[in-house]
Amino acid sequence: MKVCVIGTGYVGLVAGACFAESGNKVLCVDINEAKVQGLNDGIIPIYEPGLKELVLRNTAEGRLGFTTDLASAVKTSLLLFIAVGTPPGEDGSADLNHVLAVAREIGRSMETFKIVVNKSTVPVGTADKVRHAISEELSLRKVDIEFDVVSNPEFLKEGAAIDDFMKPDRIVVGVDNVRTAEIMKELYAPFTRKVDRMIVMDVRSAEMTKYAANAMLATKISFINQIANLCELLGADVASVREGIGSDSRIGYDFLFPGVGYGGSCFPKDVKALVKTAEDSGYDFLLLKSVEEANERQKLILPQKILAHFGNGAGSRPLEGKHFAVWGLSFKPRTDDMREAPSIVIIESLLEAGAEVSVHDPVALKEACRHFGDRVAYGSNEYEILSAADALVIVTEWNEYRNPDFERISSLMNKPVIFDGRNLYNPRRMKQMGFEYHAIGRNGSVFSTEKG
């Protein structure tokens, strides 16, 4: 099939590369000329395991191309995937300006039947707005060309996006007619050969499904973080509690990892957007409001622990003269994405309190430099930033940090103090090795577990 993917951000680039890998002829369109030129030269603008190899192979074999010419791409493609950004507005609502601008350009350019697919995460009712925008442009041209609008939300995890696309848990497709549903099934057939995982529904339900999924996962994260905070106050161990509740098949272990809160491009934005959608519909979504508030508070847990331990009470700079080494900057492992990352809140809090901060991340240092500039020091490996540090602060659970050389850590630091925002280590073992170890919701019980 001939496919056009509009937008070469995270979703668009992954979708385009994976569609090409399954034999389709794919054109990815972006208005950023430098970005398109870079992609044509083999320069991948985002870090995602396996993506570079996929793009280079399919570009070399002629199935994948990049252009700024949307009009030509629309004319030559049957399926038009809109995968542009929908950033949150000041009121939390999703900004649809880019989506609707693309829809209008499609209406100005199309000459034959097209299937327009919303791949961007958009509020319920967006397909109607896209349909209206295209129809308006067709009316201005005084032409009557048939088209369908489909909702096909993505469910990609950063760091595992290629596997998620090629081996999906489910493919949600919202359509208005059987013919378009059959074309979508044909497009996705290579990804569902063993088990048919396509779920076909009406368009509005498909739009809602994406928001509901992310809201549910965000809720689980905020829930276990609240339980961890309560465990700490009551002397319970959240690792044991997690095993106790996660073993219930109705609950499960996934997304029940206590820590410093969620971040990234999806959960924060989608929770805000769903809350705003509810408000616009006259519904007060109390649960999701609490999820969001709990998450923002959770990002301050480590700074509060650090201030309680080191703070000298000296006015507005209680951590002046202290040096902290921070491991992990991206909002999760296996990505360089720092959007809404807890590390930003944590580091800004330390800097505001007068501390010196050194940072390390396996892939996100360039992104961090854009945010922090020369206000922090950057390390090319995790150990060099530990020299004369008063404490190590762990924010992101990269595999590189899971089994470090603790003797080396202890020898480099002023004192062996760790504030662990991801509960990577066993508190009892850390105490035995001479570390002062501050985790979230852990009591170091002899029965505490590390399973799941």
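Structure's up top.
Residues numbered from 1 in each chain as written. Predicted model: local features only at pLDDT ≥ 70, side-chain atom pairs only at ≥ 80, totals over all residues. Heavy atoms only, no water.

**So, the overall build of the chain**
Then, in step 1: Within the chain, the regular secondary structure consists of 17 helices and 14 strands.
Then, in step 2: Over its C-alpha trace the chain gives a radius of gyration of 24 Å, about what one expects of a compact globule, namely 22 Å for 452 residues.
Then, in step 3: Judged by the C-alpha coordinates and their principal axes, the chain covers about 75 × 45 × 45 Å.
Then, in step 4: For the chain, the proportion of its 452 residues judged to be buried stands at 53%.
Then, in step 5: Considering only intrachain contacts with a sequence separation of at least 6, the fraction spanning at least 24 residues in the chain is 73%. (Helix = DSSP H or I, 4+ residues; strand = E, 2+ residues; numbered from the N terminus. Rg over C-alpha atoms; globule rule 2.2 N^0.38 Å. Buried < 20%, exposed > 50% of the residue type's maximum accessible area, 1.4 Å probe, protein only. Contact = heavy atoms within 4.5 Å.)

**Thoughts on the layout of surface pockets**
Then, in step 1: Its boundaries defined by the atoms lining it, the second largest pocket holds a volume of some 1100 Å³.
Then, in step 2: As for the second largest pocket, its lining consists of 41 residues, of which G9, A83, V84, G85 and T86 are closest to the centre.
Then, in step 3: Counting residues per element, the ones that place at least two in the lining of the second largest pocket are α1 (10–21), α5 (97–109) and α11 (267–280).
Then, in step 4: Here the residues of the lining of the second largest pocket are counted per class, giving 17 nonpolar, 13 polar and eleven charged. (1 Å grid on protein atoms, 1.4 Å probe; cavity = no way out; pocket = protein on both sides within 12 Å on 5 of 7 lines; lining within 4 Å. Points joined across faces, edges and corners; volume = space filled by probe spheres on them. Nonpolar A, V, L, I, M, F, W, Y, C, P; charged D, E, K, R; others polar.)

**Quick notes on helix α9 (residues 203–234)**
Then, in step 1: In a regular helix each residue adds 1.5 Å, so 32 residues correspond to 46 Å; α9 covers 47 Å between its end C-alpha atoms and thus fits that length.
Then, in step 2: Sitting at the head of α9, D202 places a side-chain oxygen 3.3 Å from the backbone nitrogen of R204.
Then, in step 3: Within two residues after α9, G235 carries a phi angle of roughly 80°, on the positive side. (Expected span 1.5 Å × (residues − 1). Polar contact = N/O pair within 3.5 Å; in protein donor to acceptor, adjacent residues only side chain to side chain.)

**A closer look at empty space enclosed by the protein**
Then, in step 1: One pass over the structure, following the stated rule, counts one cavity of 30 Å³ or more.
Then, in step 2: The calculated volume of the largest cavity comes to roughly 30 Å³.

**Digging into α1**
An α-helical turn contains 3.6 residues, so a residue and the one three or four places further along point in the same direction.
Then, in step 1: Along its twelve residues, α1 runs 17 Å from first to last C-alpha, staying within 8% of the 16 Å computed at 1.5 Å per residue.
Then, in step 2: The element α1 is extensively covered by neighbouring structure, given that eleven of its twelve residues are classed as buried.
Then, in step 3: Every buried residue of α1 is listed here: Y10, V11, G12, L13, V14, A15, G16, A17, C18, F19 and A20.
Then, in step 4: Directly after α1, the chain includes G23, whose backbone phi takes a positive value near 105°.

**Focus on the packing of α9 against α11**
Any two packed helices are characterised by the angle at which their axes cross and by the distance between the axes.
Then, in step 1: Across the interface, α9 lies against α11 with an axial gap of 9 Å and an inter-helix angle of 115°. Here α9 is positioned roughly perpendicular relative to α11, judged by the angle of their axes. Handedness of the crossing formed by α9 with α11: left-handed. Here M208, K210, Y211, N214, A215, L217, A218 and I221 of α9 lie close against α11, whose contacting residues are F267, D270, V271, A273 and L274.
Then, in step 2: Its residues assigned to classes, the contact of α9 with α11 comprises ten nonpolar, one polar and two charged. (Axes fitted to C-alpha atoms, helices over the stretch in contact; angles between N-to-C directions. Parallel < 35°, antiparallel > 145°, perpendicular 65-115°, else oblique. Left-handed = near helix turned anticlockwise from the far one by under 90°.)

**So, the pattern of salt bridges**
Then, in step 1: Per the stated rule, a full pass over the model turns up 30 salt bridges.
Then, in step 2: Between D164 and K157 there is a salt bridge whose closest N-O contact spans 3.0 Å.
Then, in step 3: Taking relative accessible area as the criterion, D164 reaches 14% and is therefore assigned buried.
Then, in step 4: In this structure, K269 engages D270 in a salt bridge whose closest nitrogen and oxygen atoms are separated by 3.3 Å. (Salt bridge = Lys/Arg side-chain N within 4 Å of Asp/Glu carboxyl O.)

**Some remarks on the state of the cysteines**
Then, in step 1: Enumeration according to the criterion identifies zero disulfides in this entry.
Then, in step 2: No disulfide involves C18; its nearest neighbouring cysteine sulfur is the one of C28, lying 11 Å away.
Then, in step 3: Of the residues examined, C18 reaches a relative accessible area of 0% and is grouped as buried. (Disulfide = S-S within 2.5 Å.)

**A word on the side chain of D361**
Then, in step 1: The residue D361 is located in the loop between β10 (356–360) and α15 (365–372) in this model.
Then, in step 2: No salt bridge is formed by the buried D361, whose closest oppositely charged neighbour, R422, lies at an N-O distance of 10 Å.
Then, in step 3: Engagement of the side chain of D361 in a polar contact is seen with the backbone nitrogen of S330, the distance being 3.1 Å.
Then, in step 4: Within the local environment of D361, its side chain forms a polar contact with the backbone nitrogen of V363, the two atoms lying 2.9 Å apart.
Then, in step 5: Ignoring any residue separated from it by four or fewer positions in sequence, one finds D361 in contact with G328, L329, S330, W398 and Y401. (Lys, Arg positive; Asp, Glu negative; His and termini not counted.)

**Here we look at the packing of aromatic side chains**
Then, in step 1: By the definition in use, this model includes 17 aromatic pairs.
Then, in step 2: Considering the side-chain rings of F165 and F191, the 5.4 Å spacing of their centres and the 90° angle between planes classify their relative orientation as edge-to-face. Placement of the pair is F165 in helix α7 (residues 161–166) and F191 in the loop between α8 (178–188) and β8 (198–201), with a sequence separation of 26 residues. Neither F165 nor F191 differs from the other in exposure class; each is buried.
Then, in step 3: Taken together through their ring pairs, the aromatic side chains of F19, F81, F165, Y188 and F191 make up a single cluster.
Then, in step 4: The residue whose ring lies beneath R170 is F155, and the NZ or CZ to ring-centre distance is 3.7 Å. (Phe/Tyr/Trp six-rings, centres within 6.5 Å; stacked < 30°, edge-to-face > 60°. Lys NZ or Arg CZ within 6 Å of the ring centre and 35° of its normal.)

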